[in-house]
Amino acid sequence: MSTSHFRAALQRLTGQSLRRALSPLESASGPVVDYAGRTVILLSSNDYLGLAAHPRVIQSAVEATERYGAGSGASRLVSGSLPPHRSLEAALAKFKGTEGALVFGAGYLANVGVIPNLIGRGGLILADRLCHASLIDGCRLSRADFRVFRHGDCAHLETLLRRRSDNRRTLIITEGLFSMDGDVAPLDDLVRLAEQYDALLYVDDAHGTGIMGAGGRGTIEQFGLEGRIPFHMGTLSKALGSYGAYVVGSDDFVQYLLNVARSFIFTTALPPAMAAAASAAIAIVETEPERRARLWANRHYLFKGLQNQGFRLTATVSPILPVLIGDAAKASAFADRLLAHGVYATAIRPPTVPDGTSRIRFTVTAAHTTDQLDEALQAVQRAGRETGLL
Ligand SMILES: *Cc1c(COP(=O)(O)O)cnc(C)c1O
């Protein structure tokens, strides 16, 4: 294979408006960032509570680095399990009300490590159609049979459950708060179906963690289902402003995973700084509910503004505000015009979302001021008119 092969593949992606590129942002934490020498309003970050730049979170990361070093030096099971990992796991278990917690290097690693140890060859996985790529890859690694049910459609799921042969081991997979549509799974009905049909339920609450529920404990708290879902996962990388992921559940479950999950065993432990930062972020989530209040006020403000301008949004109930465009080229053009008017919000295109559902996924955070949101809304309106969307 010569390099001309790579060039041809890239040209095909360009032709389909599906080519991706890294963006030259000077800072990851918003709400205002430098982009190619200009100051723009960032509406693409998952740092929903603005904790990535919180002084106490940064201070914890710095102190842990000074005390324990930049890297962990080895995997958790060898010599990389340090005090910041252990404190974080204790804090997560307490926050989530479970016996135990296990920290993984990333959400991607958690999903590909956990799912193949919940089910294997001969089993049946039923996953929501909009599940994240890391969940799908975990399903593939498991070698179980894999079917999708229509997004959020429990009637469809029940049809698939009824159709399966008796006693077949079954795993239902969903996100809590869906990353690309901003809506929530019907968790109450999913729990009922899992119980009724004797299936396991695996919830990925990467986006719900820190923002959903009165206590910020996530989508499961929002539904009042804490205690009814034996285990689930979430990440430290979105509202918690750090990096890494967790799985919470019983002690036995945690001990089982650390013995079998290959993406836990065969990888270096999370850097101490990231673990300490996440612990500090959890403490802030628990003690500063006003950040969540501010996030939701901003969310309602931007949602109303976009709706009043006449944009079509998904059925979102969260700070993820996807404006549906459909065509990938149009979505890219819209994002380009937005940037020209001082707003950074990326176009989300296939394969991240299904064909024909390209969108601009605006995300708002607790850190945005009302002035910034007003300015952003003006830019959105202008860009919408210039690209013929309004
Ligand atoms: C971001 C995300 C992940 C991956 O988490 P990382 O820590 O970024 O690897 C997994 N699942 C969902 C639903 C996500 O949104």
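Above this note sits the structure.
Note that the structure is predicted; figures quoted are calculated from it, not measured. (Residues numbered from 1 in each chain as written. Predicted model: local features only at pLDDT ≥ 70, side-chain atom pairs only at ≥ 80, totals over all residues. Heavy atoms only, no water.)

(A) View of the packing of helix 13 (residues 289-309) against helix 15 (residues 370-386). Their axes nearest at 10 Å, the elements helix 13 and helix 15 cross at an angle of 25°. Relative to helix 15, the element helix 13 is oriented roughly parallel. Helix 15 is crossed by helix 13, and the crossing has right-handed handedness. Mapping the contact onto sequence places Arg294, Asn298, Tyr301, Leu302, Gly305, Leu306 and Gln309 in helix 13 and Thr370, Leu373, Asp374, Leu377, Val380 and Gln381 in helix 15. Looking at the contact of helix 13 with helix 15 residue by residue, the class counts come to six nonpolar, five polar and two charged. (Axes fitted to C-alpha atoms, helices over the stretch in contact; angles between N-to-C directions. Helix = DSSP H or I, 4+ residues; strand = E, 2+ residues; numbered from the N terminus. Parallel < 35°, antiparallel > 145°, perpendicular 65-115°, else oblique. Left-handed = near helix turned anticlockwise from the far one by under 90°. Contact = heavy atoms within 4.5 Å. Nonpolar A, V, L, I, M, F, W, Y, C, P; charged D, E, K, R; others polar.)

(B) Representation of the sheet that holds strand 2 (residues 38-42). One open sheet accounts for three strands, arranged 1-2-11; its pairing is mixed. Edge strands, defined here as strands with exactly one partner in the open sheet, are strand 1 (32-35) and strand 11 (343-344). Note: strand 2 against strand 11, two bridges, orientation parallel. Directly across from Leu42, in strand 11, lies its bridge partner Tyr344. The strands touched by helix 15 are strand 1, strand 2 and strand 11; relative to strand 2, the strand with the most contacts, the crossing angle is about 100°. (Pairing = 2+ DSSP bridges.)

(C) Representation of helix 15 within the structure. With 17 residues, helix 15 should reach 24 Å at 1.5 Å per residue; the first-to-last C-alpha distance of 24 Å fits that figure. Residues Gln372, Leu373, Ala376, Leu377, Ala379, Val380, Ala383 and Gly384 constitute the buried set of helix 15. The buried residues of helix 15 occupy one face: seen down the axis, they fall within an arc of 170°. Turned more than 90 degrees from where helix 15 packs its buried face, Asp371, Glu375 and Arg385 sit exposed. Check the buried side of helix 15 and you find it contacts strand 1, strand 2, helix 13, helix 14 (328-340), strand 11 and strand 13 (358-363). Gly388 lies just past helix 15 and shows a positive phi near 75°. (Expected span 1.5 Å × (residues − 1). Buried < 20%, exposed > 50% of the residue type's maximum accessible area, 1.4 Å probe, protein only. Arc of directions from axis to C-beta.)

(D) Geometry of the pairing of strand 3 (residues 100-104). With five of five residues buried, strand 3 lies mostly within the body of the structure. Neither face of strand 3 is exposed, since Gly100, Leu102 and Phe104 on one face and Ala101 and Val103 on the opposite face are all buried. As paired strands, strand 3 and strand 9 (residues 245-249) are joined by five bridges and run antiparallel to one another. Across the sheet, Val103 pairs through a bridge with Tyr246, a residue of strand 9.

(E) Local environment of the pattern of salt bridges. Under the defined criterion, the tally for this structure stands at 13 salt bridges. A cluster of three or more residues bridged by salt bridges with shared partners is formed by Arg56, Glu288 and Arg291. (Salt bridge = Lys/Arg side-chain N within 4 Å of Asp/Glu carboxyl O.)

(F) Quick peek at the site of the ligand. Within the structure, the ligand sits among 15 residues, and Gly107, Tyr108, Asp204, His207 and Lys238 are positioned closest to it. In the model, an oxygen atom of the ligand is placed 2.8 Å from a nitrogen or oxygen of the Gly107 main chain. Within the complex, the protein chains bury 87% of what would otherwise be the 380 Å² of accessible surface of the ligand. The element that contributes the greatest number of residues to the shell around the ligand is helix 5 (residues 107-114), accounting for three residues. Tallied by class, the residues present in the shell around the ligand amount to three nonpolar, nine polar and three charged. (Near = heavy atom within 4 Å. Polar contact = N/O pair within 3.5 Å; in protein donor to acceptor, adjacent residues only side chain to side chain. Areas by Shrake-Rupley, 256 points an atom, 1.4 Å probe, with all protein chains shown as cover.)

(G) Focus on the environment of Ala275. Checked against the element boundaries, Ala275 lands in helix 12 (residues 272-287). Taking the C-alpha atoms as reference points, Ala275 and Leu201, separated by 74 residues in sequence, lie 27 Å from one another. Among residues more than four places away in sequence, those in contact with Ala275 are Pro84, His85, Leu88 and Leu270.

(H) Quick peek at the packing of aromatic side chains. Counted according to the given criterion, the structure contains five aromatic pairs. Measuring from centroid to centroid gives 4.4 Å for Phe231 and Phe253, while their planes differ by 25°, and the two rings are stacked. On the criterion of sequence distance, the pair formed by Phe231 in the loop between helix 9 (219-222) and strand 8 (232-235) and Phe253 in helix 10 (residues 251-260) is long-range, its members being 22 residues apart. Each member of the pair, Phe231 as well as Phe253, carries the same accessibility label: buried. With centroids separated by 5.8 Å and ring planes inclined at 25°, the aromatic side chains of Phe311 and Phe334 adopt a geometry described as stacked. With a gap of 23 residues between them, Phe311 in the loop between helix 13 and strand 10 (320-326) and Phe334 in helix 14 connect regions that are remote in the sequence. The class for Phe334 is buried, based on a relative accessible area of 0%. By the ring-pair criterion, three or more aromatic residues cluster together here, those being Tyr202, Phe231 and Phe253. (Phe/Tyr/Trp six-rings, centres within 6.5 Å; stacked < 30°, edge-to-face > 60°.)

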